[in-house]
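# A look at the structure
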Amino acid sequence: MAVVVSQASLRARVRTAIRQPNANGFISDAEVNTLVQEGAYELYDLLVAARGADYYSTRWGSNTAPGGREIALPADFYKLCSIIITDTPGPSSGLNPPASQNWVEMQRMKSAEYAIQESLTGSNYLLVKYQLAGTQNQGTGVITETIRLFPVPQAAWNVQVVYLPRLDLSNDPVSGEPIYNGVDGWESYIVAHACSTIAAMQEDDPGFWMAKKAEIKDRIQALAPSRDQSQPEQVSDRWADRYLLDYPRRLLPWP
């Protein structure tokens, strides 16, 4: 179960730990908030590395457009977990998957496969591979992330993506500030990060707080993988269904 921790409570814990209770003193609330958010990003990455996909992942889908190579990913996209495709478009522009279809996991295209993939007609969904792509700011203030398909689909198919979103720092409607998931007291990592930075700013020794961060990091890495013990982890055959359905590809000449 999630443990809701407010930014205000974290800020108060930081001020208590560093003996800086005055918001108009050495460090302002806005500065503490910035350090809290930095620590939250670090903690989120640790949780993601410790099987975070099992807890934080979400699903999103889209239909391919005939002749369209790229599909724009959601604005909160952070890390891809899985991507599957079927030859039937789904409702709501593909956001919802079509029912009772044969799905295959789409393979990532390697650079050496570019010529082979582009030589295909794009009429068979089983032969489509993907790359993650996107555009940087380029002075426009807009950054987009996309799935790029090879070859270009020539029909409307449905693609479903399981992904990890970026850490949500949107403001809570009640407090007006972000809230965080402390899980099992792991928000102490955020406090330790802020305190170590402030100690260095004050030219104090941050060693205690750095050691605290390392201690909590070890705790996360040790405990997080065992949060779900209902079934042991097993190696799964990810390509068995594709092998059965992918007969045309196996007729291609050896590269």
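The structure reproduced in this document is the subject of the present report.

Conventions adopted
Residues numbered from 1 in each chain as written. Predicted model: local features only at pLDDT ≥ 70, side-chain atom pairs only at ≥ 80, totals over all residues. Heavy atoms only, no water. Salt bridge = Lys/Arg side-chain N within 4 Å of Asp/Glu carboxyl O. Helix = DSSP H or I, 4+ residues; strand = E, 2+ residues; numbered from the N terminus. Buried < 20%, exposed > 50% of the residue type's maximum accessible area, 1.4 Å probe, protein only. Expected span 1.5 Å × (residues − 1). Pairing = 2+ DSSP bridges.

## Here's the deal with the pattern of salt bridges
- For the structure on display, the rule yields 9 salt bridges.
- Ionic pairing is found between Arg69 and Glu118, a salt bridge with its closest N-O pair at 2.8 Å. One end of the pair, Arg69, is in the loop between β2 (58-63) and β3 (70-72); the other, Glu118, is in helix α4 (residues 114-118), with 49 residues separating them in the sequence.
- Glu118 sits in the partly exposed class, given a relative accessible area of 31%.
- A salt bridge links Glu70 to Arg148, with the nearest nitrogen and oxygen atoms 2.7 Å apart. Of this pair, Glu70 sits in strand β3 while Arg148 is found in strand β8 (residues 144-150), placing the two residues 78 residues apart along the sequence.
- Taking the relative accessible area as the measure of exposure, Glu70 reaches 42% and is therefore partly exposed.
- Through salt bridges with shared partners, a single ionic network connects Arg11, Arg15, Asp29 and Glu177.

## A look at helix α2 (residues 29-49)
- Its 21 residues give α2 an end-to-end C-alpha distance of 30 Å, which sits within 8% of 30 Å, the value for a rise of 1.5 Å per residue.
- Taken residue by residue, α2 has Val32, Asn33, Leu35, Val36, Gly39, Ala40, Leu43, Tyr44, Leu46, Leu47 and Val48 as its buried positions.
- Where α2 terminates, the next one or two residues include Arg51, which has phi positive at roughly 60°.

## Re the pairing of strand β7 (residues 129-135)
- When strand β6 (residues 107-108) meets β7, the two strands line up parallel, connected through 2 bridges. For Arg108, the partnering residue across the bridge sits in β7 and is Tyr130.
- As paired strands, β7 and β8 are joined by 7 bridges and run antiparallel to one another. Bridging from a neighbouring strand, Thr135 pairs with Thr144 of β8.

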